[in-house]
Amino acid sequence: MTHSRLSNTTRQALPASVAVPGYDRNRVLPGIVHLGVGAFHRAHQAAYVDDCLAAGEMDWGIVGVSLRSTDTRDALAPQDGLYTLAVRSSDSESLRVVGSIVSMLVASENPGAVLAALTDPRTSIVTLTITEKAYLRAAGGGLDTAHPDIVHDLANPRTPRTAHGFLAESLARRRAAGIQPFTVLCCDNLPANGATLHRLLVEFAALRGTDLARHIADEVAFPSTMVDRIVPATTDADRARISGQLGIEDAWPVMTEPFCQWVVEDDFPAGRPDWEKFGVTMVGDVGPFEDMKLRLLNGSHSAIAYLGLLSGYETVDRAFADPAIRQFVDGLWAEAITTLPKDAGLDTADYTAQLAKRYSNTALAHRTAQIANDGSQKLPQRIVASAMERMSAGAPPAHLMLVVAAWIAACEARGEALPESHFTDPLDLALAALDTRHLSAGETVAAVFDLAGLAKGGAERLTLIDLAAAHLERLRQGGVAAAFTALGIQGAKT
């Protein structure tokens, strides 16, 4: 058992095989505030910023903000914000200590400190990875103005709870003080994420006053981004193994894969790091890259998660090694690829080949249950958008709609074939109230479409429901093998 903690002092004693920040962290100034300091941010944006700091761009330190949980702050504060990034492939692992997070705040404990960091003239960029559900969208895609936290933030602008409240109040304060607005950089898997957050924040600000809404609409940049790196949840075994290799304790190392991608629209009026020097792709329009990632990576990830859970596989690599699931994923990709723009220079063959290699990485142990969380928030853009485009083009989305059915079946399996709380969804209470086990497959799918706002108002809605219902009936009666057989796929695990 190791006793001393990773810190600015103890990092000097780390083994030579561990990469450590080569810059003077005392000279780093804060330039970025990040909302949502989870494992993904620490494996992705924080690592890119660490590269920039190492190259001498010392004005881009990160102030990390957790909106609610104290866990990350409690783990990293005693470590001076340092943590280990373990990059793992099937046959190797490299360890790197990342030093770009210069301070940590918890918004629920001290909203005033977060507002002060956001209002600081040195803050030029605010990045976000708060997960899809934290954007508080209503079923139609607009702001959920009835959400209790939105109601609270409008009544108590000095003590906000939501990202919307913090962004709006700090932008109002900057404007009043004559400080240039920061750039808002959404890094979550939302369609057109920059434009989507821009629209939601203008809606929120309009409830505070037209002047602030107009200022945000006209003067604040919201470039869209596409992020991609697989980051499994850190286990206690990971903590023990990494701490053993370091010779000192790291309370929260992060596991990830070698692959890393970040595509960013280049619209930063207040300045930005030279990210392109370290592999970031700066573009005029991130849309085609975003669609490729959402539909090919995220869509297949969800498919592997739900079909894997129903087949008894705990991790992605084990599920993807099943020849039947692999064949299904190939079919899913073939359907989704037809919905991507043909003239955007996308190399879908190379991209899916890389995905296959990544999914086969046995070192990551990416849990299917982790990916399965929040399906009602993820499937609309990952799966249903592609299915509707396929339908509009007169092509059947058979593989795509099996993913929706598998999500419903996996939700129904909790408490029976799967543990009760194996994964969660914002619609869990509503789904439980439906008691779908006593409804026909068609009734179940129609009700879930209503709850999740899927294909709302689309002419193809009834056809999509029928396709998903047929899949769900097969899953209920004969499991994944029966659903695969209907698609011409043989050899599924029963």
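Residues numbered from 1 in each chain as written. Predicted model: local features only at pLDDT ≥ 70, side-chain atom pairs only at ≥ 80, totals over all residues. Heavy atoms only, no water.

(A) Region of interest: the sheet that holds strand E9 (residues 254–256). Overall, mixed pairing links the three strands, which are arranged E4-E3-E9 in an open sheet. Every interior strand has two partners, whereas the edge strands, strand E4 (93–98) and E9, have only one. Taken over all neighbouring pairs, the strand axes of this sheet differ in orientation by 25° on average, direction set aside. Taken together, the six bridges between strand E3 (residues 83–88) and E4 define a ladder with antiparallel strand orientation. Paired with Leu 85 across the two strands is Arg 96, which belongs to E4. On the sheet, helix H2 (residues 45–54) packs against E3 and E4 and is oriented at approximately 70° with respect to E4. Most of the contacts of helix H9 (residues 236–246) go to E4, to which it runs at about 80°, and overall it touches E3, E4 and E9. (Pairing = 2+ DSSP bridges. Helix = DSSP H or I, 4+ residues; strand = E, 2+ residues; numbered from the N terminus. Axes fitted to C-alpha atoms, helices over the stretch in contact; angles between N-to-C directions. Contact = heavy atoms within 4.5 Å.)

(B) Quick peek at the environment of Val 63. Within the secondary structure layout, Val 63 lies in strand E2 (residues 61–66). Note on Val 63: relative accessible area 8%, which makes it buried. Sequence separation of Val 63 and Ser 103 is 40 residues, and the distance between their C-alpha atoms is 5.0 Å. Leaving out residues up to four positions away in the same chain, Val 63 has contacts with Pro 30, Ile 32, Val 33, His 34, Val 102, Ser 103, Leu 105 and Ala 117. (Buried < 20%, exposed > 50% of the residue type's maximum accessible area, 1.4 Å probe, protein only.)

(C) Quick peek at the sheet that holds strand E10 (residues 261–265). The strand order across the open sheet formed by three strands is E8-E10-E11, and the pairing between neighbours is mixed. Two strands lie at the open edges of the sheet, namely strand E8 (225–228) and strand E11 (281–283), each paired on one side alone. If you compare each strand with its neighbour and ignore which way they point, the axes differ by 15° on average. Two elements, E8 and E10, share four bridges in a ladder whose sense is antiparallel. Paired with Thr 225 across the bridge in E10 is Val 264.

(D) Geometry of unusual backbone geometry. Positive phi, close to 70°, is recorded for Thr 131, a residue that is not glycine. Of note, Thr 131 is situated in the loop between strand E6 (125–128) and helix H5 (148–155). One non-glycine residue, Leu 136, lies in the positive phi region at around 55°. Within the secondary structure, Leu 136 sits in the loop between E6 and H5. Note on Leu 136: relative accessible area 12%, which makes it buried.

(E) Structural view of the state of the cysteines. In total, this model carries zero disulfides according to the counting rule given. With no disulfide partner, Cys 260 has as its closest neighbouring cysteine sulfur the one in Cys 187, 11 Å distant. A relative accessible area of 26% places Cys 260 in the partly exposed class. (Disulfide = S-S within 2.5 Å.)

(F) Structural detail: the nonpolar core. One finds Phe 328, Tyr 359, Phe 449 and Phe 484 to be the most contacted residues of the largest nonpolar core, which totals 70 residues. Ranked by residue count, the leading element in this core is helix H16 (residues 398–413), at 13 residues. With 37 residues, the next largest nonpolar core counts Leu 118, Leu 171, Ala 205 and Ile 216 among its residues. (Core = buried A, V, L, I, M, F, W, Y, C linked by side-chain atoms within 4.5 Å.)

(G) Just the pairing of E3, in detail. Summarising burial for E3: six of the six residues are buried, a large majority. Side-chain alternation along E3 places Tyr 83, Leu 85 and Val 87 on one buried face and Thr 84, Ala 86 and Arg 88 on a second face that is also buried. Hairpin remark: E3 followed by E4, antiparallel, with four residues in the connecting loop.

(H) Representation of the pairing of strand E7 (residues 183–186) within the structure. Side chains of E7 alternate between two faces, with Thr 183 and Leu 185 and Val 184 and Cys 186 buried alike. Of the pairings in the sheet, the one linking E6 to E7 comprises four bridges and is parallel in character. The residue of E7 that forms the bridge with Ile 125 is Thr 183.

(I) Looking closely at H9. Where H9 is concerned, the buried positions are Asp 238, Ile 242, Ser 243 and Leu 246. Seen along its axis, H9 keeps its buried residues to an arc of 120°; they face one direction. Those residues of H9 that are exposed and angled more than 90 degrees off the buried face are Asp 236, Ala 237, Ala 240 and Gly 244. Lining the buried residues of H9 we find E3, E4 and E9. Positive phi shows up at Gly 247, right after H9, with a value of about 85°. (Arc of directions from axis to C-beta.)

(J) Up close: the packing of helix H18 (residues 441–452) against helix H19 (residues 461–486). Remark: H18 packs on H19, axes separated minimally by 8 Å, with the N-to-C direction vectors making an angle of 125°. Relative to H19, the element H18 is oriented oblique. Like other packed secondary-structure pairs, H18 and H19 cross with a definite hand, here right-handed. Along the contact surface, H18 presents Ala 441, Gly 442, Thr 444, Val 445, Ala 446, Phe 449 and Asp 450, while H19 presents Arg 461, Leu 464, Ile 465, Ala 468, Ala 469, Leu 472, Glu 473 and Arg 476. Its residues placed into classes, the contact of H18 with H19 shows nine nonpolar, two polar and four charged. (Parallel < 35°, antiparallel > 145°, perpendicular 65-115°, else oblique. Left-handed = near helix turned anticlockwise from the far one by under 90°. Nonpolar A, V, L, I, M, F, W, Y, C, P; charged D, E, K, R; others polar.)

(K) Just the pattern of salt bridges, in detail. One pass over the structure, following the stated rule, counts 26 salt bridges. In this structure, the salt-bridge partner of Asp 51 is Arg 96, at a minimum N-O distance of 2.9 Å. In this pair, Asp 51 sits in helix H2 while Arg 96 sits in strand E4, placing the two residues 45 residues apart along the sequence. Accessibility expressed as a relative area gives 23% for Asp 51, which makes it partly exposed. (Salt bridge = Lys/Arg side-chain N within 4 Å of Asp/Glu carboxyl O.)

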